[in-house]
Amino acid sequence: MAKPAARTVRSWLVAGVALALAGYGVLKLATPRAPREVVVSLSAGSAEGLRTALARSLAEPAARRGVAIRILPSAGSREALQWVDKGKLDFALVQGGLPIDDLSHLRQAAVLNVEPLHLLIRGDQEAGPPPPAYTLADASQRLRRGERPRINVGPSGSGTKALATELLRFFGLQPGEDYEPCELTYAELLSPELSEDETPDAVFSVSSLPSPVARRLIREFDYRLVELPVASAFRVLPPSSAGGSPGQGRARMKGRARMKGRAPMKGRAVARRGVVAATIPAFAYQVSPPAPREDLPTIGARLQLVVREEMPSDVVERVVDAVYGPAFASLAEPPLSLDLLRSSAEFDLHAGAEEYLRKKTPVITENLIELTEQVLAIVGAICGALLFAWQGWSMVRRRRRDRQFLNCVERVGEIEQRAMRYERDPSMQLEDLLALQQELTGIRASMIEQFQAGAIDGAETLSGFLMHINDANENLTRMVLHERDARAARH
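Residues numbered from 1 in each chain as written. Predicted model: local features only at pLDDT ≥ 70, side-chain atom pairs only at ≥ 80, totals over all residues. Heavy atoms only, no water.

Undergrad: Before we move on, can you summarise the layout of surface pockets with the specific residues and values?
TA: In this structure, the second largest pocket encloses a volume near 470 Å³. Taken together, 21 residues make up the lining of the second largest pocket; nearest its centre are Asn 113, Val 114, Ser 208, Ala 332 and Glu 333. Of all the secondary structure elements, the ones that give two or more residues to the lining of the second largest pocket are helix 2 (50–63), strand 4 (106–122) and strand 10 (275–280). Across the lining of the second largest pocket, the residue classes break down as 15 nonpolar, 3 polar and 3 charged. (1 Å grid on protein atoms, 1.4 Å probe; cavity = no way out; pocket = protein on both sides within 12 Å on 5 of 7 lines; lining within 4 Å. Points joined across faces, edges and corners; volume = space filled by probe spheres on them. Helix = DSSP H or I, 4+ residues; strand = E, 2+ residues; numbered from the N terminus. Nonpolar A, V, L, I, M, F, W, Y, C, P; charged D, E, K, R; others polar.)

Undergrad: Explain the pairing of strand 11 (residues 296–308) residue by residue, including any values.
TA: Most of strand 11 is tucked away: 11 of the 13 residues are buried. One ladder, built from 5 bridges, connects strand 3 (residues 91–95) with strand 11; its direction is antiparallel. Looking across to strand 11, one finds that Leu 93 is bridged to Leu 305. Inspection of the sheet shows strand 4 paired to strand 11 by 8 bridges, in the antiparallel sense. Its bridge partner lying in strand 11, Val 111 is registered against Gln 304. Where strand 10 meets strand 11, 6 bridges bridge the pair, whose relative direction is antiparallel. Its bridge partner being in strand 11, Val 276 is matched across the sheet by Gly 300. (Buried < 20%, exposed > 50% of the residue type's maximum accessible area, 1.4 Å probe, protein only. Pairing = 2+ DSSP bridges.)

Undergrad: Describe helix 13 (residues 351–360), with residues and values.
TA: Within helix 13, burial applies to Gly 352, Ala 353, Tyr 356 and Leu 357. Angularly, the buried residues of helix 13 cover 140° about the axis, an arc narrow enough to put them on a single face. Exposed positions of helix 13 whose direction lies more than 90 degrees from the buried face are Arg 358 and Lys 359. On its buried side, helix 13 packs onto strand 4, helix 10 (313–324) and helix 12 (338–343). (Arc of directions from axis to C-beta. Contact = heavy atoms within 4.5 Å.)

Put into structure tokens, the structure is as follows:
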């Protein structure tokens, strides 16, 4: 048989082990679990573009949230969108304003900053130093000096080509007829081997600021920016609405007649509703001479982060949190905010993005506060009106009760006066006194009923009035007894 001391030691050891296990379990439950690390692929177009540099900046905050981003180059936004739709790519950082009619597996993850469209025209050495920026009229005159100007619209599969081609169509210019399109890539335009003879007459580039292509062409090849203040018209007017003179229109009609029989252009180049007004700030590319001298209006599109719909919601939620977290959001000017995702999404939101918005939406919003103020104002007005009506009705009832009470007081006074007249009148009859006494008794009963029904406020008021009635009744009783005694003496 074990000694009591040994049993006590064993009990304490068992209790200690149980307490340690319980503490470890509580600690494990209280410690947040690190998210499962996943690897996703993302394309941001050309490896030399600012978009890819932006994707690299996103990789670090995403990695801290358990998402490793593998960046893959692509020809451009249109190709990246097709890769995501077909499942060859998880995410894509693409130019906004592109058509998505045939891309059913794409979902919106985030909306970023506006990328302006840069249109640059090569300077004319014979005409002297070019201005800091060309107007549309200057650009049209410069480009029409040659037979068919060479215009670089961007590589095939890029969003730049889609937007540039659609903008040229908006101005009534058709490829192969009014200009010769070329498809130099970012790498080719930035290559040290690019010679002046190889540079096109005009170059389109959609890029965040500052564009490396625009900077090189302005500084090394004397290109100048062109203002494009046509965002509102471009969104609503059909192609060729901004076309040139009637003679140019007739020439285009003849040219199109010669092109009869060719296959028509399929689909839309861009979804124009996704195009927004943008600005290239003064001195963005050069201070002396300034390029541009003043803020330059142009068109642009918001950068869109899209994802395939099958991507798990928790992964998308972590990526969205990385985009709108302070480390990455502050890189844009102005800083990114969730309002962009609520107002400028061009695709249906992914479930992960919707869940992130739900978590970040405050319970008490400005709209809710405004609605509450409106409801309180309406309720306050109704309550005020009801209170006014109730006070008015209470006043009417009080006056009615006061009139009833005064009527009773007046009736009691009349009875006392009649009793006094009977007392001085030798022809007074006992029956008259009894009638007055009965009427007084009826008044007292009526007052008690009104008090019980709430028509008379205050027990003291009723008590004082009943005392007055009792005094009058005692006086009548004395008179009745006196009259009876007198009548008995006469008989």
